[in-house]
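The lines below spell out each chain.
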Amino acid sequence: MAVVEKNTIGFGSRMGGALKGILTGIIMVLAGIALLWWNEGRSVRRYKALKEGASNVISISADKVDPANEKKLVHLSAPAVTQETLQDSDFGLSFPGALRLERHVEVYQWKENKETTKEEKLGGKVEETTTYTYEKVWSSSLISSAEFKEQGHDNPTRLLIPEKTVRPSRVNVGAFRLTPAQIAAIGGAVDVELAADYKVPEMPAFLRQAYQEPQAFQKEIYFSVKKNIPAIPAIPANGDANAPANAPQPPQEAIQSQPDSEPAIGDIRVTFKVVHSHDISLVYVQVGDSFAPYQAKTGEVALQVDGIQTADQMFTSAQNANKLVTWLLRLLGFVLIYGGFESIFKPIQVLASIIPFLGRMVGVGTSAVSFLLALPISLLVIALAWLFYRPVLSIILLVVTVGAIFGLKSVFGKMKKSEASPAPSAQA
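Residues numbered from 1 in each chain as written. Predicted model: local features only at pLDDT ≥ 70, side-chain atom pairs only at ≥ 80, totals over all residues. Heavy atoms only, no water.

Caption draft 1: Just the overall build of the protein chain, in detail. Of the regular secondary structure elements, the protein chain holds seven helices and 19 strands. Once local pairs closer than 6 in sequence are excluded, the contacts in the protein chain between residues at least 24 apart make up 75%. Carbon and sulfur atoms form 61% of the exposed surface of the protein chain, whose accessible area is close to 24,800 Å². (Helix = DSSP H or I, 4+ residues; strand = E, 2+ residues; numbered from the N terminus. Contact = heavy atoms within 4.5 Å. Areas by Shrake-Rupley, 256 points an atom, 1.4 Å probe, with all protein chains shown as cover.)

Okay, here's the thing in structure tokens:
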């Protein structure tokens with residue numbers, strides 16, 4: 001059921017908020033300018049660092065540690081392997097040679113959605129209508145229902161089964177040993193499919209108080225909340241999450257792909273992902289039998305990808321990623337400046353909204369002015385940053401641009417003279 005709230009904001013309150021927003025707008029404009037300037041410098045430093053790394057890297061074999069490559073920037077590709085076995089003892093899962101084991105936990109909960117519409121009234125007032133609706137969703141984080149507008153949508157207040165990630169302490173790539181950061185950066189996680197004869201271990205007492213016996217499905221373990229209980233109990237202060245239950249586990253039926261019944265609020269589903277041994281490629285400085293980032297003149301270079309890639313491919317991908325980040329930050333800087341001017345001009349729109357139609361027209365006008373101010377300011381900051389960080393390239397581009405302008409001017413001038421010249425008379 002939806003809950004609808006109506007609220008009227010007077011002209012004085014609106015104008016007061018708009019005037020306060022001027023300071024916020026100024027801060028946003030300055031922040032956008034600073035971001036654009038910093039971003040150009042960051043982009044250039046990253047470009048130069050990668051270019052320096054690409055010119056110094058050497059490709060080596062991972063089969064042995066060659067002391068001659070000590071302190072050099074090296075590239076290698078080989079399988080990442082471990083002799084350890086990763087376990088989730090709470091659920092009786094074991095994966096020999098796995099590079100990472102992840103336990104993901106989702107709880108079925110209520111979610112409050114809020115939608116607000118505004119209608120301007122004569123005299124500068126605004127009537128706000130806020131509609132609150134509720135839906136049931138699976139979420140890996142707890143959603144607090146304490147501030148929900150409508151009662152009766154109570155969510156669990158504690159996550160009884162925590163998420164968990166297990167990694168091996170040692171992973172090798174050929175004769176080399178990966179650092180903890182490199183182990184954590186390995187990707188390629190895939191869903192774990194439970195064996196057909198998998199049985200869920202006995203639940204601890206605090207879980208048995210709130211949930212029925214868990215069910216194992218093809219890719220998840222499902223905990224159905226017991227009905228007619230006031231709330232899901234919290235873990236006892238001296239409780240042990242891994243304490244064995246006294247009740248024996250009943251026999252389970254053949255494993256299914258998913259539950260048949262509709263979930264209830266408080267239900268939990270647990271899924272797992274595992275990273276198996278696979279090829280990875282690295283560009284790092286060789287330090288003994290391990291690695292360290294390369295310190296270029298303008299920054300740090302440390303590249304790692306899943307799969308086999310050449311050094312050229314890795315540096316090309318890194319440069320492309322740098323370009324993408326640069327353009328995204330340029331867009332963010334422009335949006336900050338645009339939004340800042342919108343806030344600065346907001347009092348004009350509020351003043352004009354005494355007559356709603358006029359207020360809407362002025363709003364369109366201030367948005368257009370904000371855009372027309374934000375765009376050239378953004379381009380000017382980027383251009384000045386280029387002059388500061390890339391003076392030689394900027395001068396070349398400036399000369400080329402000026403030359404192109406004069407060239408076009410000359411072409412158009414000749415075309416104009418040609419059109420003005422009289423056509424020759426026909427010979428008899």
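And the narrative resumes.
Caption draft 2: Spatial organisation of the packing of helix α4 (residues 311–344) against helix α6 (residues 356–389). Where α4 meets α6, the axes come as close as 8 Å, and the angle between the chain directions of the two elements is 140°. The orientation of α4 relative to α6 falls into the category oblique. For α4 against α6, the interelement crossing comes out right-handed. Facing R330, F334, I337, Y338, F341 and E342 of α4, the residues of α6 in contact are T366, S367, S370, F371, L373, A374, L375, I377, S378, I382 and W386. (Axes fitted to C-alpha atoms, helices over the stretch in contact; angles between N-to-C directions. Parallel < 35°, antiparallel > 145°, perpendicular 65-115°, else oblique. Left-handed = near helix turned anticlockwise from the far one by under 90°.)

Caption draft 3: Quick look at unusual backbone geometry. The phi angle at K71 is positive, at roughly 70°, despite the residue not being glycine. Summarising the element assignment, K71 is placed in the loop between β2 (58–59) and β3 (73–81). K71 gets classed as exposed once you look at its relative accessible area, which sits at 59%. (Buried < 20%, exposed > 50% of the residue type's maximum accessible area, 1.4 Å probe, protein only.)

Caption draft 4: The arrangement of the packing of aromatic side chains in detail. A full pass over the atoms with the stated rule returns 15 aromatic pairs. Geometrically, the ring pair formed by Y108 and W138 is tilted, given 4.9 Å between the ring centres and 50° between the ring planes. Of this pair, Y108 sits in strand β6 (residues 100–120) while W138 is found in strand β7 (residues 126–139), placing the two residues 30 residues apart along the sequence. By relative accessible area, which is 10% here, Y108 ends up buried. Take W138: its relative accessible area is 22%, and that puts it in the partly exposed class. With a centroid separation of 6.2 Å and 80° between ring planes, the pair formed by Y211 and F223 is classed as edge-to-face. Linking Y211 in the loop between α3 (205–210) and β12 (215–216) with F223 in strand β13 (residues 221–223), this pair joins segments that are twelve residues apart in sequence. (Phe/Tyr/Trp six-rings, centres within 6.5 Å; stacked < 30°, edge-to-face > 60°.)

Caption draft 5: Layout of α6. Here α6 spans 48 Å end to end across 34 residues, near enough to the 50 Å set by a 1.5 Å rise per residue. Residues of α6 that are buried include every one of P356, G359, G363, T366, S370, A374, S378, V381, I382 and A385, and no others. In the core, the buried residues of α6 are packed alongside α1 (11–56), β6, α4 and α5 (346–352). (Expected span 1.5 Å × (residues − 1).)

Caption draft 6: Layout of the packing of α1 against α4. Closest axis-to-axis distance for the α1/α4 pair is 7 Å, and the angle between their directions is 165°. By the angle between their directions, the pair α1 and α4 is classed as roughly antiparallel. For the pair α1 and α4, the crossing hand works out as left-handed. Of the residues that constitute the contact of α1 with α4, the class distribution is 23 nonpolar, 13 polar and five charged. (Nonpolar A, V, L, I, M, F, W, Y, C, P; charged D, E, K, R; others polar.)

Caption draft 7: Seen up close, the pairing of β3. Bridge count between β2 and β3: two bridges; the pairing is parallel. Considered in β3, the bridge of S59 is made with H75. As judged from the eight bridges shared by β3 and strand β15 (residues 278–287), these two strands associate in the antiparallel manner. When the sheet's bridge partners are listed, A78 is paired in β15 with I280. The pairing of β3 with strand β9 (residues 172–173) spans two bridges and is classified as antiparallel. Bridging from a neighbouring strand, V81 pairs with N172 of β9. (Pairing = 2+ DSSP bridges.)

Caption draft 8: Region of the structure containing the pairing of strand β5 (residues 93–96). Alternating positions in β5 separate cleanly, L93 and F95 being buried on one face and S94 and P96 remaining unburied on the opposite face. For strand β4 (residues 85–88) and β5, the ladder comprises four bridges, and the chain directions are antiparallel. From the neighbouring strand, L86 faces β5, where its bridge partner is F95. Here β4 folds back onto β5, and the loop between the two strands holds four residues, one of which, G92, carries a positive phi near 65°.

Caption draft 9: A look at a nonpolar patch on the surface. On the surface, a cluster of nonpolar side chains totalling about 720 Å² of accessible area is made up of L122, L351, I354, I355, F357, L358 and M361. Locating I355 in the fold gives a position in the loop between α5 and α6. Residue class for I355 comes out partly exposed when judged on its relative accessible area of 46%. (Patch = residues over 30% accessible without salt bridge, like charges linked within 9 Å, V, L, I, M, F, W, Y side chains within 5 Å. Salt bridge = Lys/Arg side-chain N within 4 Å of Asp/Glu carboxyl O.)

Caption draft 10: Layout of empty space enclosed by the protein. One pass over the structure, following the stated rule, counts one cavity of 30 Å³ or more. Quantified by volume, the largest cavity comes out at close to 40 Å³. (1 Å grid on protein atoms, 1.4 Å probe; cavity = no way out; pocket = protein on both sides within 12 Å on 5 of 7 lines; lining within 4 Å. Points joined across faces, edges and corners; volume = space filled by probe spheres on them.)

Caption draft 11: Expanded view of the nonpolar core. Membership of the largest hydrophobic core comes to 29 residues, with the highest contact counts inside it found for F91, I221, F223 and V270. When near neighbours in sequence (up to four residues on either side) are disregarded, V270 contacts F91, R103, H104, V105, I161, K219, E220, I221 and F223. Listed in part, the 18 residues of the second largest apolar core include V74, A78, I280 and L282. (Core = buried A, V, L, I, M, F, W, Y, C linked by side-chain atoms within 4.5 Å.)

Caption draft 12: Main features of the environment of E193. Summarising the element assignment, E193 is placed in the loop between β11 (190–191) and α3. The residues touching E193, leaving out its near neighbours within four places in the chain, are Q218 and K219.

Caption draft 13: View of the confidence of the model for the protein chain. Residues at a pLDDT of 70 or more form 85% of the protein chain, whose mean pLDDT is 87. Here residues 229–254 is a poorly scored stretch, pLDDT under 50, and it has 41 contacts once near neighbours within four places are set aside; other chains count. (pLDDT = per-residue confidence, 0-100.)

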